[in-house]
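So you can see what is in the structure, the chains are spelled out below.
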Amino acid sequence: MPSYRSLFRTPEFTPLFLAAAAQTAASTMGGLALGTLVYRATGSPLLSALSMFGPALAQVVGATFLLSGSDRLPPRTALSAIAAVFAAGTALQAVPGLPPGVLLAVVLLLGLVAALGGGVRWGLLNEILTKDGYLPGRSLFNILNGLTQTVGFATGGLLLATISPRVCLLLAAALYLTAALTLRLGLTARPPRTTGRPSVAATWHTNAVLWSSRPRRLTYLGLWVPNGLVVGCESLYVSYAPESAGTLFACGAVGMLAGDVTVGRLLPPVVRAHLATPLLLLLAVPYLAFAARPPLSVAVVCVTVASVGFGASLAQQERLMSLTPDALSGHALGLHSAGMLTMQGVSAAVAGSLAQVTSPATGMTVMAGVSVAVTLGLALAGRAPARNTAVQVDAEA
């Protein structure tokens, strides 16, 4: 398996990596600022959760109509254009006087654009790295995500204590613009991975091919549902601890970082293959402690330990790639990303609704309990023999 250091000697990996860092920093700072802005204006846990995680709700539309572009568009053009659109949309959110409804509409439009970005980025990563380089490469991106979220949420929390949320949104827009320039200047002009024009019909056809395999179907559900339900817990940080939400998000990022390093770098493949279910349980179980409405000192421990479980996604993605032909890698990874983010957005809406009628602590506890039940159900389904053992023909797409 290639070392992390050797990945940076691969052409195009570094600009893709740096652009992802800028975009993650922008999304953490901008999301925290927008969630705080909406909560201060409305006092609503539901609207605050939707403002931070609402873009994920639009992912289902992108997965339905746009994902064929993941392998049929030139990667450099697509990625730089998406980052530029996010820069413009985030700057628009900073305009004074916009009602919460308009802010949420912008959030959903950005989420629709983002649905395409995951497939393009991860398909390109799979293309520029060797076959055995994808997992450490994705692990390194996840580590970057954890570090950048830690810094981004901590910095965002400090900035929100001294300047307005709208200024934070403008800083986030500048970071998105930096990412767009980095991608445009740092990547080469590669052709699309698959011939043909992006279309709704092509998207539906490939989605059907990917979903037709029972092992892939169970893998997708494992990637989407338990993870998304726990993100519903995270969406209530602002309403649970309005003055310390940045601390909770930062601690969660630290735990996620620890899980990604352990799973992506320290564990051999034979061990990784058996850790998905235990890690998904770890991801949810600590949130059950929120039933007792713990103080911040206990809450940060629960959040940090639970977030180690996000490392399960690396083992699950490794299995997904082993079940998917190379020609569909971008679309398959885009479907994973879109489905995961859609579930996160739906879970944020459900968790916010629960918190609205009960309390943030109760919302977290319920979402965590459902995540545990789903994880155990999927584990049992994975052990059951498939009813149809016919060979799946995957390369036809």
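What counts, and at which threshold
Residues numbered from 1 in each chain as written. Predicted model: local features only at pLDDT ≥ 70, side-chain atom pairs only at ≥ 80, totals over all residues. Heavy atoms only, no water. Helix = DSSP H or I, 4+ residues; strand = E, 2+ residues; numbered from the N terminus. Buried < 20%, exposed > 50% of the residue type's maximum accessible area, 1.4 Å probe, protein only. Contact = heavy atoms within 4.5 Å. Areas by Shrake-Rupley, 256 points an atom, 1.4 Å probe, with all protein chains shown as cover. Lys, Arg positive; Asp, Glu negative; His and termini not counted. Charge placed at Lys NZ, Arg CZ, Asp CG, Glu CD. Patch = residues over 30% accessible without salt bridge, like charges linked within 9 Å, V, L, I, M, F, W, Y side chains within 5 Å. Salt bridge = Lys/Arg side-chain N within 4 Å of Asp/Glu carboxyl O. Core = buried A, V, L, I, M, F, W, Y, C linked by side-chain atoms within 4.5 Å. Axes fitted to C-alpha atoms, helices over the stretch in contact; angles between N-to-C directions. Left-handed = near helix turned anticlockwise from the far one by under 90°. Nonpolar A, V, L, I, M, F, W, Y, C, P; charged D, E, K, R; others polar. Disulfide = S-S within 2.5 Å.

Draft legend 1. Focus on the overall build of the chain. A count of helical and extended segments in the chain gives 19 helices and zero strands. Judged by the C-alpha coordinates and their principal axes, the chain covers about 55 × 45 × 40 Å. Looking at the 397 residues of the chain, the share that counts as buried comes to 56%. When contacts within the chain are restricted to residue pairs at least 6 apart in sequence, long-range pairs at least 24 apart make up 87% of them. For the chain, the accessible surface area stands at approximately 15700 Å², while carbon and sulfur atoms represent 70% of it. For the chain, the separation between the mean place of its 22 positive charges and that of its 11 negative charges on side chains is 3 Å.

Draft legend 2. Broad picture of a nonpolar patch on the surface. Residues Leu-177, Leu-181 and Leu-185 make up a contiguous nonpolar surface patch of about 340 Å² in total accessible area. Note on placement: Leu-181 falls in helix H9 (residues 165-186).

Draft legend 3. Up close: the environment of Val-120. Considering the arrangement of structural elements, one finds Val-120 in helix H7 (residues 100-128). It is 32 Å that separates the C-alpha atoms of Val-120 and Val-238, two residues lying 118 residues apart in sequence. The residues contacting Val-120, other than those within four sequence positions of it, are Gly-69, Ser-70, Pro-75, Ala-78, Leu-79 and Arg-193.

Draft legend 4. Representation of the pattern of salt bridges within the structure. Scanning the entire structure with this criterion turns up three salt bridges. A salt bridge links Arg-190 to Glu-12, with the nearest nitrogen and oxygen atoms 2.8 Å apart. On the criterion of sequence distance, the pair formed by Arg-190 in the loop between H9 and helix H10 (200-212) and Glu-12 in the loop between helix H1 (4-7) and helix H2 (13-42) is long-range, its members being 178 residues apart. For Arg-190, a relative accessible area of 22% translates into the label partly exposed. When salt bridges with common partners are traced through the structure, they connect Glu-12, Glu-127 and Arg-190 into a single cluster.

Draft legend 5. Local environment of the nonpolar core. By size, the foremost hydrophobic cluster in this structure holds 106 residues, and its most contacted members are Phe-13, Leu-16, Phe-249 and Tyr-287. Broken down by element, this core gets its largest block of residues, 14 residues, from H2. Phe-249 has contacts with Leu-32, Met-52, Phe-53, Phe-153, Glu-234, Tyr-237 and Val-238, leaving out every residue within four places of it along the chain.

Draft legend 6. Broad picture of the packing of helix H8 (residues 134-162) against helix H17 (residues 312-322). With their axes 11 Å apart at the nearest point, H8 and H17 run at an angle of 145 degrees to one another. Of the two possible hands of crossing, H8 and H17 adopt the one that is right-handed. Together, Tyr-134, Leu-135, Arg-138, Ser-139 and Asn-142 of H8 and Ser-313, Leu-314, Gln-317, Glu-318 and Met-321 of H17 make up the contact between the two elements. Its residues assigned to classes, the contact of H8 with H17 comprises four nonpolar, four polar and two charged.

Draft legend 7. Inspection of the environment of Ala-26 at higher detail. Its place among the elements puts Ala-26 in helix H2. As a C-alpha pair, Ala-26 and Ala-154 span 128 residues in sequence and 13 Å in three-dimensional space. Look past the residues within four positions of Ala-26 in its chain and what remains in contact with it is Gly-31, Ala-172, Leu-175 and Tyr-176.

Draft legend 8. Seen up close, the state of the cysteines. Here the structure, examined in full by the defined rule, presents zero disulfides. With no disulfide of its own, Cys-168 lies closest to Cys-251 among cysteine sulfurs, the gap being 19 Å.

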